[in-house]
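# Results of the structural survey
Chain by chain, the residues:
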Amino acid sequence: VSQQFNSRIVMQAAESEQEEDDGWGDSVSTTTASSSDRISKSQELASLQNDMAMKQQNKSTQSSPSADMSESKERDLFIPIFTLVSVIGFSGLYGYEMLRLYS
């Protein structure tokens, strides 16, 4: 009984996969990829993920603490300076308007 139930679930899952709408208005049967295409795409994705992981590991092993120190010394100060000038500017504008309206 449980095998029949499991086989029904598998069949229903396969049917629902075929019935899914891709959102383009075409029938799914003409646009679905074959299982070999899916397998090759999943293999390609796995190999690309492995390549990216290896590249990230290489970058992390090649970077040295002295390189990190030089990067921290060359920090971009645009955002802190811009924030400070903006806060001072808006505070001055607020103070000016308060004085102008209440005098």
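Throughout this document, residue positions are counted from 1 along each chain, in the order its sequence is written. Totals for whole chains, interfaces and linings use every residue, but because this is a predicted model, local features are given only for residues with pLDDT of at least 70 and side-chain atom pairs only at 80 or more, for both listing and counting. Side-chain calculation: all heavy atoms of the structure are included, whereas hydrogens and water are not.

## Quick notes on the overall build of the protein chain
Counting from the N terminus, the helices are the DSSP runs of H or I reaching at least four residues and the strands are the DSSP runs of E reaching at least two. Helices and strands together make up the secondary structure of the protein chain, namely 5 helices and 0 strands. The buried label goes to any residue with under 20% of its type's maximum accessible area, the exposed label to any with over 50%, and the partly exposed label to all in between, with areas taken from a 1.4 Å probe on protein chains only. Counting every position in the protein chain, which comprises 103 residues, the buried fraction comes to 1%. For the protein chain, the exposed surface amounts to about 9,800 Å²; the carbon and sulfur share of it is 59%. The accessible surface values rely on the Shrake-Rupley method and a 1.4 Å probe; as for residues, cover is taken only from the protein chains in view.

## Brief notes about helix α5 (residues 78-102)
By definition here, a helix of n residues has an expected span of 1.5 Å times n minus one. Between the first and last C-alpha of α5 there are 36 Å, a value that for 25 residues agrees with the 36 Å anticipated at 1.5 Å per step. In terms of residue burial, α5 counts as a barely covered element, since only 0 of its 25 residues are buried.

## Concerning the pattern of salt bridges
A side-chain nitrogen of Lys or Arg and a carboxyl oxygen of Asp or Glu constitute a salt bridge if their distance falls within 4 Å. As enumerated under the stated definition, the model contains 1 salt bridge in all. Residues Arg-100 and Glu-97 are paired through a salt bridge, measuring 2.7 Å at the closest nitrogen-oxygen approach. Here Glu-97 and Arg-100 lie together in helix α5, a separation of 3 residues that amounts to about one turn. With a relative accessible area of 28%, Glu-97 lands in the partly exposed category.

Spatial relationships are all this shows, so hold off on functional conclusions.
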